[in-house]
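# Results of the structural survey
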4 protein chains.
Amino acid sequence: PPGDPTTSPGGGGVLGLLRRLGRLEDSRQRAAELFRWLVAPVALEEFARQHWERAPLLVQRGDAGYYAGLFSTADFDAILRSGDVHFGTHLDVTSYAEGVRETHNPVGRALPAVVWDFYQNGCSLRLLSPQAFSTTVWHFLSILQEHFGSMAGANTYLTPPGTQGFAPHYDDIEAFVLQLEGKKHWRVYSPRTCSEALSQFSSANLTQAELGEPLLEVVLEAGDLLYFPRGFIHQADCLPDAHSLHITVSSYQRNSWGDFLEKLLPAALQMALEEDLEYRQGLPIDCLGYMGVANSDAVDARRTAFVEKVQHLIKKLVDYAPIDAAMDQRAKSFLHDCLPPVLTESEKQLSVYGFPARWQDGGPCNVDILITKDTEVRLLHHGIVRLCNEEAGVMLYYTTENSRVYHKEEPKYLEIDPEYTDSIEFLLSSYPNHVSVDTLPCDALEDKISLATLLFEKGILTTKKPLVQV
Amino acid sequence: PPGDPTTSPGGGGVLGLLRRLGRLEDSRQRAAELFRWLVAPVALEEFARQHWERAPLLVQRGDAGYYAGLFSTADFDAILRSGDVHFGTHLDVTSYAEGVRETHNPVGRALPAVVWDFYQNGCSLRLLSPQAFSTTVWHFLSILQEHFGSMAGANTYLTPPGTQGFAPHYDDIEAFVLQLEGKKHWRVYSPRTCSEALSQFSSANLTQAELGEPLLEVVLEAGDLLYFPRGFIHQADCLPDAHSLHITVSSYQRNSWGDFLEKLLPAALQMALEEDLEYRQGLPIDCLGYMGVANSDAVDARRTAFVEKVQHLIKKLVDYAPIDAAMDQRAKSFLHDCLPPVLTESEKQLSVYGFPARWQDGGPCNVDILITKDTEVRLLHHGIVRLCNEEAGVMLYYTTENSRVYHKEEPKYLEIDPEYTDSIEFLLSSYPNHVSVDTLPCDALEDKISLATLLFEKGILTTKKPLVQV
Amino acid sequence: PPGDPTTSPGGGGVLGLLRRLGRLEDSRQRAAELFRWLVAPVALEEFARQHWERAPLLVQRGDAGYYAGLFSTADFDAILRSGDVHFGTHLDVTSYAEGVRETHNPVGRALPAVVWDFYQNGCSLRLLSPQAFSTTVWHFLSILQEHFGSMAGANTYLTPPGTQGFAPHYDDIEAFVLQLEGKKHWRVYSPRTCSEALSQFSSANLTQAELGEPLLEVVLEAGDLLYFPRGFIHQADCLPDAHSLHITVSSYQRNSWGDFLEKLLPAALQMALEEDLEYRQGLPIDCLGYMGVANSDAVDARRTAFVEKVQHLIKKLVDYAPIDAAMDQRAKSFLHDCLPPVLTESEKQLSVYGFPARWQDGGPCNVDILITKDTEVRLLHHGIVRLCNEEAGVMLYYTTENSRVYHKEEPKYLEIDPEYTDSIEFLLSSYPNHVSVDTLPCDALEDKISLATLLFEKGILTTKKPLVQV
Amino acid sequence: PPGDPTTSPGGGGVLGLLRRLGRLEDSRQRAAELFRWLVAPVALEEFARQHWERAPLLVQRGDAGYYAGLFSTADFDAILRSGDVHFGTHLDVTSYAEGVRETHNPVGRALPAVVWDFYQNGCSLRLLSPQAFSTTVWHFLSILQEHFGSMAGANTYLTPPGTQGFAPHYDDIEAFVLQLEGKKHWRVYSPRTCSEALSQFSSANLTQAELGEPLLEVVLEAGDLLYFPRGFIHQADCLPDAHSLHITVSSYQRNSWGDFLEKLLPAALQMALEEDLEYRQGLPIDCLGYMGVANSDAVDARRTAFVEKVQHLIKKLVDYAPIDAAMDQRAKSFLHDCLPPVLTESEKQLSVYGFPARWQDGGPCNVDILITKDTEVRLLHHGIVRLCNEEAGVMLYYTTENSRVYHKEEPKYLEIDPEYTDSIEFLLSSYPNHVSVDTLPCDALEDKISLATLLFEKGILTTKKPLVQV
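Residues numbered from 1 in each chain as written. Chains lettered and ligands numbered in written order. Predicted model: local features only at pLDDT ≥ 70, side-chain atom pairs only at ≥ 80, totals over all residues. Heavy atoms only, no water.

Turning our eyes to something else, we now look at the overall build of chain A. Along the backbone of chain A there are 14 helices and 18 strands. With the principal axes as the frame, chain A shows a C-alpha extent of 85 × 70 × 50 Å. Across the 470 residues in chain A, those meeting the buried criterion constitute 59%. For chain A, restricting intrachain contacts to residue pairs at least 6 apart in sequence, the fraction spanning at least 24 positions comes to 76%. About 18800 Å² of surface is accessible on chain A, with carbon and sulfur atoms providing 51% of the total. Between the centroid of the 40 positive side chains of chain A and the centroid of its 63 negative side chains there is a distance of 2 Å. (Helix = DSSP H or I, 4+ residues; strand = E, 2+ residues; numbered from the N terminus. Buried < 20%, exposed > 50% of the residue type's maximum accessible area, 1.4 Å probe, protein only. Contact = heavy atoms within 4.5 Å. Areas by Shrake-Rupley, 256 points an atom, 1.4 Å probe, with all protein chains shown as cover. Lys, Arg positive; Asp, Glu negative; His and termini not counted. Charge placed at Lys NZ, Arg CZ, Asp CG, Glu CD.)

Structure below.
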């Protein structure tokens, strides 16, 4: 339909998709559309209701070009040629034959001659975090992460015909398998026990004898999608006549209610101890005598009272749980995990990254960042900042200075004068609309300009029009 | 009354008390009687109801010899003479004058000539943990700790006439001040705020300006007792004409319901994550957008649902909370804090500590520990052992090899074959009665004897009759 | 003269120089020629005799294009634009005015708009290790390091007209200042004391009052060279009408006889202790009584004997000093400091880095590295490997997998079967000539091919002809 | 002869010896006499010339009471009874049978019943550092350490009849075996190679097959002495009809010329680098090319020059070697190793340890340390202090606050105003004579008294007459 960003002109494949997404104003909308495209033609509501964390989804599109431009073996070859890939750190050479799973990583740099020799001898090649090498994968994941609100990672897998590279196993992440080239025979199995469903941890390598009948068995072809939740066992092997290249996009690692409670409960107890005398009262003076596993079968009114008191105090923790503050801490941690944003060409023109300051004719020119009360500004993207109230002050965490390499940089933040908090929140709530600097809720115009300039210099704010006409 | 151990013959003061307590069979009863004597003539029920963790208690006995034998300045002088006391580690030299609190510790050994010179110049002398130097204090506290089920510590304070050694402050422990010699003028103040009541932490030094009117003001004399709960501010100074020596017995540091929950909650969450899928389910995919302090005033059905879900999960933790196991862990930690037991002369004759094995006439004699099926045994004291189920196995923690110096030894334990668990519990439940080795619920007689011998060798078991007649 | 690589065709400036050097077969010759060019027209012998570690050298060439292509402010601007430059880590913003030296580094990424704003406000910009950003600087230093046999580092300094960026000070390295753009007024002062000459350590910032008269005062112009040894105090400021850009090339940090002895002496003593009983004999039983500073003025035959014995043992260490092994350890440490080699286009064609293995038409092609007995090979460069005998075995250290970022990679080495040692030495001594694999002094042909293949795969060996014709 | 302290009245055995030594004024003389007694009737000169570090010495005295009072199995039994002995830390239970050496240490406290049971089953009992438990051994070693100028340690060994507790081995210390009770069959073997002679390290357990013929084979009886140097292999077993108890006194661990050079050489090089330009000059620019193991056979004038330069610089280090300062550092380290001094009863009366300050009748009495200009003072013993010039200042290290447990206390020192240095040296050189405080070479009387008082308070000085008549 006209106006549908995912099908309107701009070319096919992922490059076309990214171009179309770039025309959307709101980064949250971009993220949602990218995800819609990822699971299409399955509707988002259906995916959420029937598949997410519940059951595998298979989409056979019969459109070999659906993912065109995202990643190819030719890209992989070019990346090897750069000389920046190291065995073990970035690339794993693996095999799985006759029930034996092996890793064959040499030490040092992974050069094409050596890597392709392994491949020719039947080894699979797993490139870890291709987003560090491929700008397109980086761009793709940096949009998707805003949809999940949780780190989006990836690996690519290149497998020679007639081989299998990994033993059956399950992972601790939601997995989206995008078949990029060739074909691969997949088998997916339901979690074996209730406690393996949505598992917090990846499994060890499993044997075929430990598996039952697959829930789903299929040959994926280029353009197809296979999704399965954490805890679902899976294995995949190549047909004799075709190699396979796929990328697995992952998210929702350690992002459960329990993980949230792990941060929340100590904070809640801390608050309760400070505010509520009942938590500071001493234990009954003789409780060591009637509590403990050795006494657990005893019928004793003191035991009952003790247990009821503990239960009462646990339930009352609800009153002290700083849920919103804990969510800000989760957001802070997510922002550290995030890929830095990829700017479209037009975003770049409006940001400090495209600012024309440069050395010319023996001196710097176009240096001044002339933000005035009338300059219209907005956040570059919605998900790139988070305000956190911490003991040391109000901190604005941001992602624009993150590295494409996971956690290579420390968390980045600006300490914010508490009186600027409202302005930050105003910018967040106004997004994706621009606001003039004058409307920021600071007291003095000087403060408004100073705040906007600081955020512009960090790449957090963009302007409606280029600050300098060049 | 006849049979009352605290008043029956045996002499007065603490030495008499300890002798009388030594005649009681059950260590729990000894502990209870010692505490009854400590607060007498106030009844235990009254103390528990009106004072414990609630309000100061003053007992003016008019009996200067009540604590006789516990600790004296002459004892302190003798301890200094041993050469084992070091400034800072064992002894603090302090002063408080005109609002200034100072510590005057030199480095090195605290010899009488130097220490008494400080005293003569108006300094107070605080001996830390006198139980490491005085066997009577050790004996006293080792009984008392079983009453509290929480470490019982002590300091002594010697103050010159007309001086004060410490600034007003509050502590994080329940304090029992036993006036041993001379007199001291005390002022106790109610906690200033609700959050200081039963405080988890000691205060900094306070100024007189920060205090209100004292709740209680009194001159303590030898034989008197002053109790006050943690969080109650206090200060004390000597009258111009008399020095003061008192011992402060403390307990219940970090022993509150909240401290218990601090250990319990992570274990409960761990159990819930393993057993209950609901805790492993992912957070709502967009929750970063509507949760967080910046959104806390928003009216949003998603917020309500999120908060209710968190509350539901907190409350459900009650179902997974391993209360008894957490209590065993607390007990394990308490046993590490414990002073080792002090044996009466008759207990010693029945224990490995009095076993007559010795070198004589060029060879060892009386070496064999001949425990048979008919040997009658029991635990030395009730509170000296605890069984804990741990990942690595069933462990029997015990105090008999602890040091008089706090945590100088690592926690001591024996790994117990799980099939011996019942025998340990049988020994605990039979206490203070003796049982014949034959009645231990192990399968083989050999096992019964081997277990009893092991426990006897560690000083944990005593026999009804000396194993060797000498 | 014909055949002079530094003046023969190939273009002017540094790019022309590097092209001409690339035509020389021997990397040691390249290094020597580059250094000759650096100090030209001063002869090498004159430089060595009169300047190196002795006195400053000023070369005013009147040839503004002499260094063309090495580094420019335009290059610097482009590097900033890459977004990879971080304040503090890579770039320092400094000022020195009215005797006050300040650093103005913000946190985070150094973007052009912000950096040029500092410059416009009078700050100097020091780019640390430009070789990590500029391939030409990397190439230049990677050749030069082989001349020095000691790490060659660099910084660039961009200074606004009329300002000074640094306080007077001296450094711990030999400094070669290459004026790239504009002009700068320099003052160089002799070391103030004998102990500051050839100083092991850099000085703190000095005040003008601490300086005497300059030994040398000059305005450097583009194309000029200023050299001064470590320990020579210096300062430089811009004239009111011209900015300045220079690069300081440094070497010989901690590379003195004393530094060498620091490694050698413990090894020598270790050997002496193992092999010579005299070192293991006990000290005289009463020497604490007559030796020591308190006895240093005493006339005592025992003192004389003791001192003579120590002197005898120190002198005898000469017999045990493993000088060659210590030099190999120094070489190993230098190889870790080294920049990785830059390959000329033709070197690349003959090395694994240009090997044509690649993914094509759905599979890998040209994968096999077919080294045969007739393949003619040589080391890529002479200075890229070093054999070291270590306790764990014979190790071949190499630089080809180093990073352009100092010590980002661990030292790289291959453990070498001791029977291959002769082959490695043969390759070193044959360099720059090629040898056929057959002539390697290994026993079996299989071993010869396997060793050559291993070294080829690591980029250490090149072949005379491309292994695959493409 | 009359006046000979080792034979004059006072009783026999070690207790008599210690009493006689206590009558000698000079601690150095006590040390020498004790050592003379130890090797008697062999003369000191003969021992030094023929045995020390050269060859075993066997003294068969036929006097079973020679060592009476030093240590007995009854003492050992009493020490076990104290409850302070822990397996592993203080006591090892060992066996050696049919070539197998085993350690049987349980965990925890070593109580008599368990220890004697091991003994009865054929195990040897090695008590580590008996000086921590036995005052006589402490007294004995504390005198002997001053003779050696090197830590004197000890172990005792109790062995059942007909058994051997340890495998053949050699140690890294000079060993004096004093047979205390029973008999033991010893075999001592010469070092097998030159490099094992005076070994720096103890050997592993050796097998009988690794040994040759013993150099010495003897049955030691009570009162006998066996000495052998480090590096001499030895083994000992009991005859079928007698147990054995001996104490091995050890010294001169890591106390060789080489150990001294290990401290001296870095300090010498540091001085040379600071004072002598030649050490700061750079290495020849091309030395990596002609030095190194691969070049070691080459004939090359540059190699010769390099080696000669290194040898020249090593030899010249002699001029910079701070021999006396290094000896002070060794002394400092020895003082940390030292046992604290044991005071005779009369020494105690004259020292702070016998100072009569005490608590009496409700207050301190005899507190003032009234040192005046006429008080005559001297050091307690000669070897208890050492002055060291350090960067942080002049430090007076002392042993009086050391612990009987090795390195339980940190090194003890007083920072000394440099102007007091002469007074300390005056006290050292005057020893064993007393000097009046007035004669101390300080400027002001106040300083003299203050210094003397400080040293008296630390137990370093004693007075000629008791300061207080009581």
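For these two chains of identical sequence, chain B goes onto chain A by a turn of 180° and a shift of 0.0 Å along the axis, with RMSD 0.1 Å. Such a combination of turn and shift is consistent with a two-fold rotation axis. If distances are taken from each C-alpha of chain B to the rotation axis, the shortest is found for B:Lys315, at 2.5 Å. The fraction of interface residues of chain B whose copies in chain A are also interface residues reaches 100%, indicating that both copies meet through the same surface. (Least-squares fit on C-alpha atoms with pLDDT ≥ 70 in both.)

With that settled, consider the interface of chain B and chain A. How big an interface is tends to be reported as the loss of accessible area on association of its parts. Taken together, the contact between chain B and chain A spans 65 residues of the former and 65 residues of the latter. Here chain B packs against chain A, burying approximately 6000 Å² in sum over the two surfaces, 71% of which is carbon and sulfur. Three residues stand out in chain B for area buried against chain A, namely B:Trp257, B:Leu283 and B:Leu288, and they jointly supply 15% of the buried area on that side. Between chain B and chain A we count two salt bridges in total. B:Asp324 is the salt-bridge partner of A:Arg303, the closest N and O atoms lying 2.7 Å from each other. Summed over the shared surface of chain B and chain A, the number is 31 residue pairs in polar contact (both at pLDDT 80 or more). Of all the secondary structure elements, the ones that give two or more residues to the side of chain B that touches chain A are helix H6 (135-148), helix H7 (257-275), helix H8 (277-280), helix H9 (287-290), helix H10 (301-316), helix H11 (323-337) and strand E14 (385-390) of chain B. At 10 residues, the largest contribution of residues to the side of chain B that touches chain A is made by H7(B). Of the residues in the side of chain B that touches chain A, the class split is 36 nonpolar, 14 polar and 15 charged. (Buried area = accessible area lost by both parts, 1.4 Å probe. Salt bridge = Lys/Arg side-chain N within 4 Å of Asp/Glu carboxyl O. Polar contact = N/O pair within 3.5 Å; in protein donor to acceptor, adjacent residues only side chain to side chain. Nonpolar A, V, L, I, M, F, W, Y, C, P; charged D, E, K, R; others polar.)

All names here are of chain B. Spatially, E14-E15-E16 is the arrangement adopted by the three strands of the open sheet, whose pairing is antiparallel. Both outer strands of the open sheet, E14 and strand E16 (413-416), are each paired with one neighbouring strand and no more. Ignoring strand direction, the axes of neighbouring strands in this sheet form an average angle of 25°. Looking at chain direction, E14 and strand E15 (residues 393-398) are connected through six bridges and run antiparallel. The residue of E15 that forms the bridge with Cys388 is Met395. Its contacts with the sheet place H11 against E14 and E15, and it is angled at close to 130° to E14. Packing against the sheet, helix H13 (residues 421-430) makes contact with E14, E15 and E16, and its axis sits at approximately 150° to E14. (Pairing = 2+ DSSP bridges. Axes fitted to C-alpha atoms, helices over the stretch in contact; angles between N-to-C directions.)

Let us now look at unusual backbone geometry. In this structure, the amide linkage connecting A:Tyr431 to the following residue, A:Pro432, adopts the cis form with an omega of 10°. In this structure, A:Pro432 sits in the loop between helix H13 (421-430) and strand E17 (435-436). Phi at A:His407 is positive, roughly 55°, even though this residue is not glycine. Position of A:His407 relative to the elements: it lies in the loop between strand E15 (393-398) and strand E16 (413-416). Take A:His407: its relative accessible area is 34%, and that puts it in the partly exposed class. Despite not being glycine, D:Glu98 shows a phi value in the positive range, around 50°. For D:Glu98, the position within the fold is in the loop between strand E2 (91-97) and strand E3 (100-103).

On to the interface of chain C and chain D, then. Taken together, the contact pairs 65 residues of chain C with 65 residues of chain D. Both faces combined, the contact of chain C with chain D buries some 6000 Å², and carbon together with sulfur accounts for 71% of it. At the surface where chain C touches chain D, the tally comes to two salt bridges. Our enumeration of links across chain C and chain D arrives at 30 residue pairs in polar contact (both at pLDDT 80 or more).

Moving on to the pairing of strand E3 (residues 100-103) of chain B. The side chains of a regular strand alternate, residue by residue, between the two faces of the sheet. Residue and element names in this part refer to chain B. Examined bridge by bridge, strand E2 (residues 91-97) and E3 share four bridges and lie antiparallel to one another. Residue pairing in the sheet places Ala97 in a bridge with Val100 of E3. Between E2 and E3, which follow one another and run antiparallel, lie two residues, and Glu98 among them has a positive phi close to 50°.

Here helix H10 (residues 301-316) of chain A crosses H11(B) at 95°, and the two axes come no closer than 11 Å. When the interaxial angle is binned, H10(A) and H11(B) end up roughly perpendicular. Together, A:Arg303, A:Phe306, A:Val307 and A:Val310 of H10(A) and B:Ile323, B:Asp324 and B:Met327 of H11(B) make up the contact between the two elements. Residue composition of the contact of H10(A) with H11(B), by class: five nonpolar, no polar and two charged. (Parallel < 35°, antiparallel > 145°, perpendicular 65-115°, else oblique.)

Enumeration over the complete set of coordinates arrives at 112 aromatic pairs over all chains. Judged by centre distance (6.4 Å) and plane angle (65°), the ring pair of A:Phe148 and A:Tyr252 falls under edge-to-face. Note that A:Phe148 is positioned in helix H6 (residues 135-148) and A:Tyr252 in the loop between strand E10 (244-251) and helix H7 (257-275), a separation of 104 residues in sequence. The pair formed by A:Phe148 and A:Tyr252 is uniform in burial state, with each residue classed as buried. On the basis of an interplanar angle of 70° and a centroid distance of 5.5 Å, the ring pair of D:Phe35 and D:Phe47 is categorised as edge-to-face. Remark: D:Phe47 occurs in helix H3 (residues 44-51) and D:Phe35 occurs in helix H2 (residues 27-39); sequence separation between them is 12 residues. Each member of the pair, D:Phe35 as well as D:Phe47, carries the same accessibility label: buried. An aromatic cluster is defined as three or more aromatic residues linked by ring pairs; in this entry it consists of A:Phe35, A:Phe47, A:Trp52, A:Phe148, A:Phe176, A:Tyr227 and A:Tyr252. (Phe/Tyr/Trp six-rings, centres within 6.5 Å; stacked < 30°, edge-to-face > 60°.)

So, on to a negative patch on the surface. Residue and element names in this part refer to chain A. A cluster of acidic side chains, namely Glu415, Asp417, Glu419 and Asp443, defines a negative patch on the protein surface. Relative to the assigned elements, Asp417 resides in the loop between E16 and H13. Taking the relative accessible area as the measure of exposure, Asp417 reaches 37% and is therefore partly exposed. (Patch = residues over 30% accessible without salt bridge, like charges linked within 9 Å, V, L, I, M, F, W, Y side chains within 5 Å.)

All names here are of chain B. Examined against the element boundaries, Lys412 turns out to sit in the loop between E15 and E16. Along the backbone, Lys412 and Thr399 are 13 residues apart, and their C-alpha atoms lie at a distance of 7.0 Å. Residues within four places of Lys412 in sequence aside, it is in contact with Leu396, Tyr397, Tyr398, Glu401 and Asn402. There is a polar contact of 3.0 Å between the side chain of Lys412 and the side chain of Glu409.

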